[in-house]
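Remarks on the overall topology
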Amino acid sequence: MLNSIGLQNPGVEYFMENDLPWLRKFDTKIIVNACGSTIEDYVELAKVLNTLDIDGVELNLSCPNVKAGCMAFGTTYEGVKEVTSQVRKVLDKPLIVKLTPNVTDITEPAKGAEAAGADGVSLINTLLGMSIDIEKQRPVLANNMGGLSGPAVKPVAVRMVYQVAKAVKIPVLGLRRNSYRK
Ligand SMILES: Cc1cc2nc3c(=O)[nH]c(=O)nc-3n(C[C@H](O)[C@H](O)[C@H](O)COP(=O)(O)O)c2cc1C
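Read on for a plain summary of the structure. (Residues numbered from 1 in each chain as written. Predicted model: local features only at pLDDT ≥ 70, side-chain atom pairs only at ≥ 80, totals over all residues. Heavy atoms only, no water.)

For the rest of this paragraph, the subject is the packing of aromatic side chains. The final tally for this structure, using the stated rule, is two aromatic pairs. Measuring from ring centre to ring centre gives 5.0 Å for Trp22 and Phe26, while their planes differ by 70°; the resulting arrangement is edge-to-face. Classification of Trp22 as partly exposed rests on a relative accessible area of 49%. (Phe/Tyr/Trp six-rings, centres within 6.5 Å; stacked < 30°, edge-to-face > 60°. Buried < 20%, exposed > 50% of the residue type's maximum accessible area, 1.4 Å probe, protein only.)

Our focus in this paragraph is the pairing of strand β5 (residues 120–123). Going residue by residue along β5, you find Gly120 and Ser122 tucked away on one face and Val121 and Leu123 tucked away on the opposite face as well. Pairing between strand β4 (residues 95–98) and β5: three bridges, direction parallel. Each residue of the ladder has a partner; that of Ile96, found in β5, is Gly120. Note on the crossover from β4 through helix α5 (residues 107–115) to β5: the handedness is right-handed. Judged from the three bridges that link them, β5 and strand β10 (residues 172–174) form a sheet pairing that is parallel. When the bridges of β10 are listed, Ser122 appears paired with Leu173. (Helix = DSSP H or I, 4+ residues; strand = E, 2+ residues; numbered from the N terminus. Pairing = 2+ DSSP bridges. Right-handed = clockwise from strand over helix to strand, strands pointing away.)

The next subject is the environment of Asn125. Within the secondary structure, Asn125 is located in the loop between β5 and β6 (127–130). Along the sequence, Asn125 and Lys98 sit 27 residues apart, while their C-alpha atoms lie 7.1 Å from each other. Side chain to side chain, Asn125 and Thr126 meet in a polar contact 3.4 Å long. (Polar contact = N/O pair within 3.5 Å; in protein donor to acceptor, adjacent residues only side chain to side chain.)

It is worth spelling out the sheet that holds strand β3 (residues 56–60) at this point. Hydrogen bonds between backbone atoms are what pair the strands of a sheet, whose relative direction is either parallel or antiparallel. As summarised here, the arrangement of the five strands in space is β2-β3-β4-β5-β10, forming an open sheet in which the pairing is parallel. Taken across any chain shown, the strands that pair with only one partner, and hence form the sheet edges, are β2 (31–34) and β10. On average, adjacent strands in this sheet sit at an angle of 25° to one another, irrespective of strand direction. Alignment of β3 against β4, held across four bridges, turns out to be parallel. When the bridges of β4 are listed, Glu58 appears paired with Ile96. Running at roughly 155° to β4, helix α4 (residues 77–90) makes contact with β3 and β4 of the sheet. (Axes fitted to C-alpha atoms, helices over the stretch in contact; angles between N-to-C directions. Contact = heavy atoms within 4.5 Å.)

Omega for the peptide link from Leu123 to Ile124 comes to 10°, which places this bond in the cis form. Here Ile124 lies in the loop between β5 and β6. Notably, Gln137 is not glycine yet its phi reads approximately 55°, a positive angle. Position of Gln137 among the secondary structure elements: in the loop between β7 (132–133) and β8 (138–139).

Not every one of the 16 residues close to the ligand is listed here, only the nearest: Asn33, Lys98, Ile124, Gly150 and Arg177. Taking Asn60, its side chain carries an N or O atom lying 3.2 Å from a nitrogen atom of the ligand. Within the backbone of Ile124, a nitrogen or oxygen atom sits 2.8 Å from an oxygen atom of the ligand. When the ligand sits alone it has 620 Å² of accessible area, and the protein chains cover 76% of it. Taken together, the residues of the shell around the ligand break down into six nonpolar, seven polar and three charged. (Near = heavy atom within 4 Å. Areas by Shrake-Rupley, 256 points an atom, 1.4 Å probe, with all protein chains shown as cover. Nonpolar A, V, L, I, M, F, W, Y, C, P; charged D, E, K, R; others polar.)

As structure tokens, this is what we get:
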């Protein structure tokens with residue numbers, strides 16, 4: 001799949017009042033995926049999430065569809081370390097950092113997360129991709145590029161999980177949707 005959805009969602013206040021009570025009916029852990037456009041956004045969001053009845057937070061530093069945020073932080077050791085350490089100061093709950101695969105060396109951002117006190121890293125997010133409609137001679141997506149996911153990216157994900165697992169001591173979560181199991 002090549003998607004360009006961005007991070008549309010109703011926001012943390014709506015989540016608190018509507019989604020969380022519903023989710024709490026299930027006997028499962030709740031980990032909230034959080035994203036912002038600036039470090040201040042991440043910190044403000046983390047302060048709110050810290051007060052909620054949730055089991056952990058996953059920082060999305062890796063979304064390719066948001067122009068100003070996410071991937072800008074997620075591609076370097078220093079960028080990941082900076083945003084993660086700022087969030088770590090205000091968040092008492094388990095903190096997972098989700099990594100972007102759109103880098104040359106995936107171990108660098110992983111080490112930045114570890115150095116900043118993350119409890120674990122998860123990977124991968126989507127790979128930056130592009131598709132062209134040859135009849136229209138235009139990119140298919142309005143945003144030109146989007147995030148590629150699905151069975152095609154699995155070998156990349158497995159390779160990166162392998163590399164990261166050798167590079168850090170914190171837990172590494174390899175992400176794969178169940179529907180791809182067969
Ligand atoms: C439509 C769509 C929306 C997504 N939204 C998010 C998101 O909000 N936050 C995030 O961290 N990852 C998001 N992702 C990335 C997925 O969580 C996952 O990391 C990625 O699709 C690679 O795994 P897969 O190949 O098993 O789908 C999204 C993926 C898709 C296809």
